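So you can see what is in the structure, the chains are spelled out below.
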Amino acid sequence: MSMQNSLFSGCIQKRNLAFDYVKAFAIWLVVYGHCQQHLLMQNRLDNVVYQFIYTFHMPLFMIISGYFSESSLKLDVLKFILKKFRTLIVPVVTYSLFLTLFYALYGSHGFVSIGDTFLLFVGRCYAQLWFLKALFICNLLLYICKFSGFRSSILCVTILISQFIVDFHMSVMYPIFIIGFYLRKYNIVNELCQNTKMIYGGILVFLILSIPWCLIRDFMDYGGAIFLYKELLNIYRIVMGFSISFSLLLLVSKWFQEINANSCLFGRMISYIGACTLEIYILQSFILEVLLARFIKMPADFSLLTSSLIFVPISFLLIFICIAVGKMIDSNQWLSFLCFGKKL
């Protein structure tokens, strides 16, 4: 077996490879969407490509996270909290500290007082890597449901609580996380993956709902809307995100049952990317959103074709750079713990 084959196969054994394929697609959407957001001099609300990606790329990650959340629920409460804190919050704190020091050394304002630096650090802990904090809260709410034996009344209470958490998109992320949990609990993906009507019906629903969302700016920009209107839009986003996420899971699972998608090097490479999504998500936040965004600013009047020709190869290159940097960080146990929350 060649070195490349052993590299890509060694990290994906005993994994659900169909889900790794979906995660690889989702993390590419994240990186490509961030290229559109940070490297193009255009308001994100005017960027149709970004708005289209925004409709489902993080719900897709959240439904997969909910799908694989059951194993952690077997831990007692202290071990559960410590594990989730290590894997989800420690990387946020480390990245925020690194970013604070980076801007102190290379930012336009240089060093500020210790008190102001600490406040900047706290602010970045709150603002950076929002998905990891959303996932941490989702897991805590799900663990509360576990104590009640997953009684429907307690489940509804946790969903209601999520609607009042104003940050980290919790009003959308937690319901989708719960849906992912029940997809695994009742083996729904394996049961329905051969149902082509379900697959293409979900894709059709998504396309119908996403067109007005992407094209009508006021429809998406609801920062000052009243609570009821926000809730209606949240339901709209949940249906939109779930319909395409569920359809993609069914489609890829159906595909894996029909062919040996992991028999070639390309298949193993895609699975490997899907297994490294945490590292890619964290590292692209700095490499793309901080470094590249300081030097690259594309004109806002670029056509869709032109921006795609530029950002598609950039996004793939960034993914492989993140994987390479992640491998170097993983070679040190302490760095791996601090940056990616892995066990010491």
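Residues numbered from 1 in each chain as written. Predicted model: local features only at pLDDT ≥ 70, side-chain atom pairs only at ≥ 80, totals over all residues. Heavy atoms only, no water.

Some words on the overall build of the chain
Part 1 of the argument: Counting its secondary structure elements, the chain contains 17 helices and zero strands.
Part 2 of the argument: Across the chain, every contact between residues at least 6 apart in sequence was considered, and the portion connecting residues at least 24 apart equals 80%. (Helix = DSSP H or I, 4+ residues; strand = E, 2+ residues; numbered from the N terminus. Contact = heavy atoms within 4.5 Å.)

Points about the packing of aromatic side chains
Part 1 of the argument: Considering all chains together, one arrives at 26 aromatic pairs under this definition.
Part 2 of the argument: Between Trp28 and Tyr32 the ring centres are 5.2 Å apart and the planes differ by 20°, which places this aromatic pair in the stacked class. With a gap of four residues between them, Trp28 and Tyr32 both fall in helix α2 (residues 17-38), about one helical turn apart. Both residues of the pair, Trp28 and Tyr32, count as buried.
Part 3 of the argument: Both rings, one in Phe181 and one in Tyr182, keep their centres 5.1 Å apart while their planes meet at 85°; by these two values the pair is edge-to-face.
Part 4 of the argument: Residue Tyr182 is classed as buried on the basis of its relative accessible area of 18%.
Part 5 of the argument: In textbook terms, an aromatic cluster arises when at least three aromatic residues are bridged by ring pairs, as seen for Phe25, Trp28, Tyr32 and Phe316. (Phe/Tyr/Trp six-rings, centres within 6.5 Å; stacked < 30°, edge-to-face > 60°. Buried < 20%, exposed > 50% of the residue type's maximum accessible area, 1.4 Å probe, protein only.)

Notes on the pattern of salt bridges
Part 1 of the argument: This model, assessed by the stated rule, comprises two salt bridges.
Part 2 of the argument: In this structure, Lys342 and Glu279 form a salt bridge, with 2.7 Å as the shortest nitrogen-oxygen distance. You can see Lys342 sitting in the segment after α17 (333-340) and its partner Glu279 sitting in helix α15 (residues 277-295), a full 63 residues away along the chain.
Part 3 of the argument: Lys342 gets classed as partly exposed once you look at its relative accessible area, which sits at 30%.
Part 4 of the argument: Look at Glu279 and you get buried, because its relative accessible area is 8%.
Part 5 of the argument: Ionic contacts of the salt-bridge type, sharing partners, join the residues Glu279, Asp330 and Lys342 into one network. (Salt bridge = Lys/Arg side-chain N within 4 Å of Asp/Glu carboxyl O.)

Quick word on the state of the cysteines
Part 1 of the argument: Evaluated as defined, the whole model comprises zero disulfides.
Part 2 of the argument: Here Cys145 stays unpaired: no disulfide links it, and the sulfur of Cys156, its closest cysteine neighbor, is 9.2 Å away. (Disulfide = S-S within 2.5 Å.)

Digging into the nonpolar core
Part 1 of the argument: In terms of nonpolar packing, the biggest core is built from 99 residues, with Met62, Tyr174, Ile280, Tyr281 and Phe311 touching the most fellow members.
Part 2 of the argument: Examining the composition of this core, we find that 14 residues originate from one element, α2, more than from any other. (Core = buried A, V, L, I, M, F, W, Y, C linked by side-chain atoms within 4.5 Å.)

Considering the side chain of Thr100
Part 1 of the argument: Looking at where Thr100 falls in the secondary structure, it is placed in helix α5 (residues 77-106).
Part 2 of the argument: With a relative accessible area of 5%, Thr100 lands in the buried category.
Part 3 of the argument: Polar side-chain contacts of Thr100 include one of 3.5 Å to the side chain of Arg124.
Part 4 of the argument: Every residue in contact with Thr100, bar those within four places of it in the chain, is listed here: Thr117, Leu120, Phe121 and Arg124. (Polar contact = N/O pair within 3.5 Å; in protein donor to acceptor, adjacent residues only side chain to side chain.)

Examining the confidence of the model for the chain
Part 1 of the argument: Per-residue confidence for the chain gives a mean pLDDT of 84, with 85% of residues at or over 70.
Part 2 of the argument: Per-element confidence in the chain is highest for α17, whose mean pLDDT is 95, and lowest for helix α1 (residues 3-10), whose mean pLDDT is 41.
Part 3 of the argument: A low-confidence stretch, residues 1-14 stays under pLDDT 50, and its non-local contacts, those more than four residues away or across chains, total 20 contacts. (pLDDT = per-residue confidence, 0-100.)

What about the environment of Leu278?
Part 1 of the argument: By the secondary structure assignment, Leu278 is in helix α15.
Part 2 of the argument: With a relative accessible area of 24%, Leu278 lands in the partly exposed category.
Part 3 of the argument: Note: C-alpha distance between Leu278 and Leu88 (190 residues apart in sequence) is 9.6 Å.
Part 4 of the argument: Those residues in contact with Leu278 that lie beyond four places of it in its chain are Thr87, Leu132 and Phe340.

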